[in-house]
Amino acid sequence: MKFVPSWLNRLASPQHFFIDIKPWIMWLYVLGTIGLLVGSVWGLAFVPPERYQGDSFRILYVHAPIAHLAQLIYISIAIAGVVHLVWKLKMADVYMSAAAPVGCWLTALALVSGMIWGMPTWGTAWVWDARIVSTLILFFLYFGLIVLRRVIPNPARAATALSILAIVGAINVPIIKFSVEWFNTLHQPASIELFGDVSIDRVFLVPLFINIASISVLSAGIILAYMRYLVVERNASMTWIQEWSRGKNQ
Amino acid sequence: MRFWAFYRRELLIEFRSGVESFIPVVFFLLVVGTFAFTLHSVFTGDSRVLVSVIWITTLFTSVLSLDKLFKRDHADGTLAVAVLHRDAITTTVVTKLIAHWSVTGIPITILGPTVGLLSGLQIDHALMLGFTLLIGTPTITMLGALVTALLVGLGRGGELLTVLILPLYIPTLLFGISVCHLHIESASYTSELLWCFALLTGSTTAIPLALGPVLKMSQDS
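Residues numbered from 1 in each chain as written. Chains lettered and ligands numbered in written order. Predicted model: local features only at pLDDT ≥ 70, side-chain atom pairs only at ≥ 80, totals over all residues.

### A look at the overall build of chain A
Part 1 of the argument: Within chain A, the secondary structure is distributed over 10 helices and 0 strands.
Part 2 of the argument: Counting from the amino terminus, chain A carries its helices and strands in the arrangement α-α-α-α-α-α-α-α-α-α.
Part 3 of the argument: Per-residue burial for chain A yields a buried fraction of 34% across its 250 residues.
Part 4 of the argument: When contacts within chain A are restricted to residue pairs at least 6 apart in sequence, long-range pairs at least 24 apart make up 77% of them. (Helix = DSSP H or I, 4+ residues; strand = E, 2+ residues; numbered from the N terminus. Buried ≥ 20, exposed ≤ 12 C-beta atoms within 10 Å, placed from the backbone. Contact = placed C-beta atoms within 7 Å.)

### A word on the overall build of chain B
Part 1 of the argument: Helices and strands together make up the secondary structure of chain B, namely 9 helices and 0 strands.
Part 2 of the argument: Here the C-alpha atoms of chain B give a radius of gyration of 18 Å, agreeing with the 17 Å that 2.2 N^0.38 yields for 221 residues.
Part 3 of the argument: Projected onto its principal axes, the C-alpha coordinates of chain B cover approximately 55 × 35 × 35 Å.
Part 4 of the argument: Of all 221 residues assigned to chain B, the portion counted as buried reaches 43%. (Rg over C-alpha atoms; globule rule 2.2 N^0.38 Å.)

### Comments concerning helix α6 (residues 130–151) of chain A
Part 1 of the argument: The terminal C-alpha atoms of α6 of chain A lie 31 Å apart, and with 22 residues this matches the ideal 32 Å at 1.5 Å per residue to within 8%.
Part 2 of the argument: Among the residues of α6 of chain A, Ala130, Arg131, Ile132, Ser134, Ile137, Leu138, Phe139, Leu141, Tyr142, Gly144, Leu145 and Leu148 of chain A are the ones counted as buried. (Expected span 1.5 Å × (residues − 1).)

### Notes on the interface of chain A and chain B
Part 1 of the argument: At the junction of the two partners, chain A supplies 21 residues and chain B supplies 15 residues.
Part 2 of the argument: Looking at the side of chain A that touches chain B, the elements with two or more residues in it are α6, α7 (155–170) and α8 (172–182) of chain A.

### Remarks on helix α3 (residues 22–46) of chain A
Residue and element names in this part refer to chain A.
Part 1 of the argument: Over its 25 residues, α3 runs 36 Å from end to end, which matches the ideal 36 Å to within 8%, given 1.5 Å per residue.
Part 2 of the argument: Along α3, the positions that sit buried rather than exposed are Leu28, Gly32, Leu36, Gly39 and Gly43.
Part 3 of the argument: Contacts made by the buried residues of α3 are with α4 (60–87) and α9 (202–234).

### Digging into the packing of helix α1 (residues 2–16) of chain B against helix α6 (residues 88–118) of chain B
All names here are of chain B.
Part 1 of the argument: The contact between α1 and α6 brings their axes to 9 Å, and the two run at 45 degrees. Relative to α6, the element α1 lies oblique. As α1 runs across α6, the sense of the crossing is right-handed. Contact residues: Arg2, Phe3, Phe6, Tyr7, Glu10, Leu11 and Glu14 in α1; Thr91, Thr92, Thr95, Lys96, Ile98, Ala99, Ser102 and Val103 in α6.
Part 2 of the argument: The class makeup of the residues in the contact of α1 with α6 is 7 nonpolar, 4 polar and 4 charged. (Axes fitted to C-alpha atoms, helices over the stretch in contact; angles between N-to-C directions. Parallel < 35°, antiparallel > 145°, perpendicular 65-115°, else oblique. Left-handed = near helix turned anticlockwise from the far one by under 90°. Nonpolar A, V, L, I, M, F, W, Y, C, P; charged D, E, K, R; others polar.)

### Some thoughts on unusual backbone geometry
Part 1 of the argument: One non-glycine residue, Lys88 of chain A, lies in the positive phi region at around 55 degrees.
Part 2 of the argument: Along the polypeptide, Lys88 of chain A turns up in the loop between α4 and α5 (90–122).
Part 3 of the argument: Backbone geometry places Ser186 of chain B, a non-glycine residue, at a positive phi of 55 degrees.
Part 4 of the argument: As for its placement among the helices and strands, Ser186 of chain B is situated in the loop between α8 (159–184) and α9 (190–220).
Part 5 of the argument: We classify Ser186 of chain B as exposed; it has 7 C-beta atoms within 10 Å.

### Describing the environment of Ile13 of chain B
Part 1 of the argument: Positionally, Ile13 of chain B belongs in helix α1.
Part 2 of the argument: C-alpha separation for the pair Ile13 of chain B and Ser102 of chain B, spaced 89 residues apart in sequence, amounts to 13 Å.

### Points about the nonpolar core
Part 1 of the argument: Counting 82 residues, the largest nonpolar core has Leu165 of chain A together with Leu146 of chain B as its most contacted members.
Part 2 of the argument: Looking at this core element by element, the count peaks at 13 residues for α4 of chain A.
Part 3 of the argument: Residues within four places of Leu165 of chain A in sequence aside, it is in contact with Gly144, Leu145 and Leu148 of chain A together with Leu150 and Leu164 of chain B.
Part 4 of the argument: Among the nonpolar cores identified, the runner-up in size contains 26 residues, and Phe28, Val53, Ile177 and Leu193 of chain B belong to it. (Core = buried A, V, L, I, M, F, W, Y, C linked by C-beta atoms within 7 Å.)

### Regarding the environment of Leu44 of chain A
Residue and element names in this part refer to chain A.
Part 1 of the argument: Relative to the helices and strands, Leu44 resides in helix α3.
Part 2 of the argument: Sequence separation between Leu44 and Ser13 is 31 residues, and the spatial gap between their C-alpha atoms is 43 Å.
Part 3 of the argument: Excluding residues that lie within four positions of it along the chain, Leu44 makes contacts with Arg58 and Tyr61.

### Side note on the packing of α5 of chain A against α9 of chain A
Residues and elements named next belong to chain A.
Part 1 of the argument: With their axes 9 Å apart at the nearest point, α5 and α9 run at an angle of 130 degrees to one another. The orientation of α5 relative to α9 falls into the category oblique. The element α5 and its partner α9 pack so that their crossing is right-handed. Touching Val94, Tyr95, Ser97, Ala98, Ala99 and Val102 of α5 are Ser219, Ile222, Ile223, Tyr226, Met227, Leu230 and Val231, all from α9.

Shape is all these values report; function is a separate question.
This is how it looks when you write it as C-alpha cells:
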C-alpha cells in the first residue's frame, strides 16, 4: 500500500507533525513576507496606472490575493472534513480548527479592501451585488464553523460536526463563482481564468501572481503555527509533550 | 407499514400538542403581515417584492420550527432507541422529516400563494410561487434537519441555529426567488427551475443517509 509517501504519513501523527514542521514555519514566514513585499512594492510603485481606474486599481494587488485565498481555504477545510470523516485523521480536525479563524479574517479583509476599492471606482463602499453578498455569506459560514467548534464540548463530536458543516457549506462556494454570470450587476466579471484568454495585460499580472503565491505561503505558515499550538493544547497530558516541554525548559 | 405507523405517531404528537402546532403558521402570517403593513404600497405594487418577502419569511419560519425537531425525542430517549437500530434509523428520520414537512412545509406552500393572491399577485404568478415553495420547502427541511442534528442535546438553539442554517439556505432561496422573478418578468426561467430540482433531489437523497450517523454521534457523547 504505497498510496501515501512516508513523510506525509508521518505528518498525520500529532507527535511527528509537531516536531517535523517546526523548522518549516520560519521559512514560510520569511518567504511569504519577502514575496509580499516584492509583489506589493512592484504592484504599487512600478506598474503603470490602469487606463480607466488610474492609480486606484492598485488595491487589486491586496484585494484579489486575499479574496482568492479566503475561498481556497474554505474549500480546503471541506476537503479536510472529508478526510476526517473517511480516515479519522487527527490532524485533519486540527487543520479545520486552525484554518477557520484564518479564513474568517481573510474574508473580513477581502470585504474591507473591496469597500476601500469601491469608494473611488463605484462611488460607494457597499453594493448589494451578488459577488459581495457571496463573500459576506462566506464570512458567515466561517463564523458558523468557529462558533460550532466552541459550543460542542466533546472534541470528537465537534470534529465530526465541523466536517459536516464545512462540506455542506462548500456547496455555497461555487455560487460565488456562478453568481457573477447569474446576476448582471455592477461587479466587473472575474478577469483571470485558469484556462482561456486573460483579459489583463501581462505587465499587471506578474506582481499579482507573486502576491497570490506569497500570501498563500504566509497563511500556510500561520495555519501551521496555529496547528502546533492546538496540538500542544490537545495532547497536554501525553508524555511526549511533557518530555518536550521539560527538554525545552532545561 | 412501519413508515405509516411512524408517520401517524408524529402527526398525532404534533396535533395533540394543541394550539402549539399552529405557532409556525401564525408566525408566518404575522411576519408577512408586518411586512405588508409597513411596506404598504411597495408590497402590493411590486409582485417581486411580495414574492421575495414570502420566500424569506418561509426560511425564518422553518428555522423557528426546526428548533424542536429532535428536542422531544432526545429528551424522552426515543432518539437513543432509534439510533440503536442501524437500519431503522434512516426510516425513522425520513418519516420524521416528512411529517415535519407535512405540518410546516405544506401549510406554507398553500398559505404563501394565498397571501400573495390577496395582496394582488396575478393567479399564474401565485401558482408559480406555490410551485417553487413546494419544491423548495423539502430542501429547506432537509438542510435544516442536518444542522439541527449537529446540535441535538447541547441545549443550544435559537440564534445559534439561525446563524448556522441561514447561510446554507441561500442557494435554495436565490433560485426559488429567481424563478418567480423571471416568471413575473416573462423571461425564461428553465435553468433556475432545474437548479431548484437539483437542490431538491440532491438534498432529499444525500441528507437522510447522513442524518443517521450524525444523530448517533449526538447520542454517543
